[in-house]
Amino acid sequence: MWTPVVFWVCAAGSVATGVAVFRVNSMARATFALLASFLFAAGTILLLNLAYLGVLVVLMMIMEMVVMVVFMLMYMMNPAGLMPMTMVHNQKGSLAIAGGVFAALAAGILLVPWPTSDQPRPVDPTRALGEALMGSKMLVMMVLGLCLFATMVATVVLAHHRGRYDRYGDALRAKRPDDPVRGGLDR
Amino acid sequence: MTLPLREAGGLLVQQHRRTLAADVLLGRGGALALLLAAVLASLVTPLGHWAVADLSIGVVWFNAMEVVAWAAVWLVGWGANSAYGLLGGYRFIAQGLAYELPHMFALITAALGAGSLRVADVVAAQSSVWFVVWMPIAFVVYLLSVMAMAFWGPFDQPVGADAAGGAAAELSGVDRLVFTAARWLLLTSGAAFAVPLFLGGGAGPVLPAWLWSLVKTVAVLAVLVWVKRRIPTLRLERYQEIAWVVLIPLTLVQALGVAVVVLAR
């Protein structure tokens, strides 16, 4: 009885806050409207009894959006909504793209012959989903995880303009690192 | 003894001080979210054997609720349209980047030792020996991050006096009361959650389980208060480096040790 109610609240809330992202006039409000949209989406995942995934979406989205708001305010116009601004550009083109994508996805939902099963629901749907998605491909997933992590570390190292020679001198013999930021462990 | 009550009453009747072009929706929303998250985090904390909701993913739930503080403190700082407030908000995000990963590894270590994310299972796994005995690093890191997430004691730079009160600089009246109460509640929820995670939950001789839960929570809180009185404010950039260079490797080694023990027995 309450499941459809919660679903429609989450669905409508998600779309409404998603629209709000493009209607509000400050970057901070746009970011947190987007966060609200994701939290509503997490609600629908919780309805599928995927408690772990749902709560994880809440956790990750809050952290992601807080990091994102820092960059939104740094790079975008009119952070605080004190001047008129619009989040919508190239209106005709984006309307066509958005309409096309929506039509394609909706057609997919209606036309794909979704498999049905008369088996009872698994005790732990999260585990079942994980095994269905990754069970036979665990090696690939592990390697992929390592590659992604190595890429992140390499990107940070390449992007940083100071290396160990800047910190410890050309012969790496300096007793204390020469850092622009004070504090830290060995000084 | 009546000072907190008098202060709360004073804040209730205090006249609101407003700033120019403040974002009231985001600022108030942030303070309310902090209060709500602090209460909801305790949903999975058992009092004795009884919890409001013993979720199958209780540990992750607690983690998700305390992460709300990231958004909430920044929103409070942003909402006032004040330079000091915003500075405090950004300080808290920097602090979050320092404490969150060691904190998550500490939580994972306790869940790993029990082989379950359900808080009742974590308590049951400590029937013979408390987790604090063989996961001391995770316990200490957990206490540090509880103080950091409540920006309290040595981690109070987000509301530091050097920035005229930081994120809370422009708060007045009921807004300040909500924010302060939420901060205290967050600290208390964190201290209370240390009991089922590391201190055997309600286990103990003579006294009933619920009383043991309370006694242990008060003891953890007393330690946190003692730390606040003993240790001065720690600069953010210093803790950032300690967290990433010392605490993350330490917690990883701790998790590895626990994993080996779990696999071997």
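Residues numbered from 1 in each chain as written. Chains lettered and ligands numbered in written order. Predicted model: local features only at pLDDT ≥ 70, side-chain atom pairs only at ≥ 80, totals over all residues.

1. A closer look at the overall build of chain B
Per the secondary structure count, chain B includes 10 helices and 0 strands. Each helix and strand of chain B, placed in order from N terminus to C terminus, yields the pattern α-α-α-α-α-α-α-α-α-α. Overall, the C-alpha framework of chain B stretches about 65 × 40 × 35 Å when taken along its three principal axes. Across the 265 residues in chain B, those meeting the buried criterion constitute 51%. Here the contacts in chain B between residues at least 6 apart in sequence split such that 81% fall between residues at least 24 apart. (Helix = DSSP H or I, 4+ residues; strand = E, 2+ residues; numbered from the N terminus. Buried ≥ 20, exposed ≤ 12 C-beta atoms within 10 Å, placed from the backbone. Contact = placed C-beta atoms within 7 Å.)

2. Details of the environment of A:A36
All names here are of chain A. With respect to the helices and strands, A36 occurs in helix α2 (residues 27-47). A count of 20 C-beta atoms within 10 Å places A36 in the buried class. As a C-alpha pair, A36 and D124 span 88 residues in sequence and 27 Å in three-dimensional space.

3. Description of the environment of A:T151
With respect to the secondary-structure elements, A:T151 resides in helix α6 (residues 138-159). Taking the C-alpha atoms as reference points, A:T151 and A:A11, 140 residues apart in sequence, are found 36 Å from one another.

4. Considerations on the confidence of the model for chain B
Taken residue by residue, chain B gives an average pLDDT of 92. The fraction at 70 or more is 100%. Per-element confidence in chain B is highest for helix α7 (residues 136-149) of chain B, whose mean pLDDT is 95, and lowest for helix α1 (residues 3-13) of chain B, whose mean pLDDT is 89. (pLDDT = per-residue confidence, 0-100.)

5. Some words on the interface of chain B and chain A
In this complex, chain B contributes 24 residues to the contact, which on the side of chain A involves 23 residues. Of all the elements in the fold, those that place two or more residues in the side of chain B that touches chain A are α3 (58-79) and α10 (236-264) of chain B.

6. Considerations on the nonpolar core
Of all hydrophobic cores here, the largest spans 109 residues; its most connected members are A:I62, B:L34, B:V68, B:A69, B:A71, B:A72 and B:A110. Among the elements that make up this core, the one with the highest residue count is α3(B) (17 residues). When near neighbours in sequence (up to four residues on either side) are disregarded, B:A72 contacts B:G30, B:A33, B:L34 and B:A37. (Core = buried A, V, L, I, M, F, W, Y, C linked by C-beta atoms within 7 Å.)

7. Brief notes about the environment of B:P249
Structurally, B:P249 is set in helix α10. Taking the number of C-beta atoms within 10 Å as the measure of exposure, B:P249 has 12 and is therefore exposed.

8. Comments concerning α10(B)
Residue and element names in this part refer to chain B. The first and last C-alpha atoms of α10 sit 40 Å apart over 29 residues, in line with the 42 Å expected at 1.5 Å per residue. Within the span of α10, buried status applies to L236, Y239, A243, L247, T251, Q254, A255 and V258. Looking at the packing, one finds that the buried side of α10 touches α4 (83-114) and α7. (Expected span 1.5 Å × (residues − 1).)

9. Regarding unusual backbone geometry
Phi is positive for A:L172, close to 55 degrees, though the residue is something other than glycine. With respect to the helices and strands, the residue A:L172 is situated in the segment after α7 (164-168). Even without glycine at this site, B:A21 takes up a positive phi of about 55 degrees. C-beta crowding within 10 Å serves as the criterion here: with 9 such atoms nearby, B:A21 is assigned to the exposed category.

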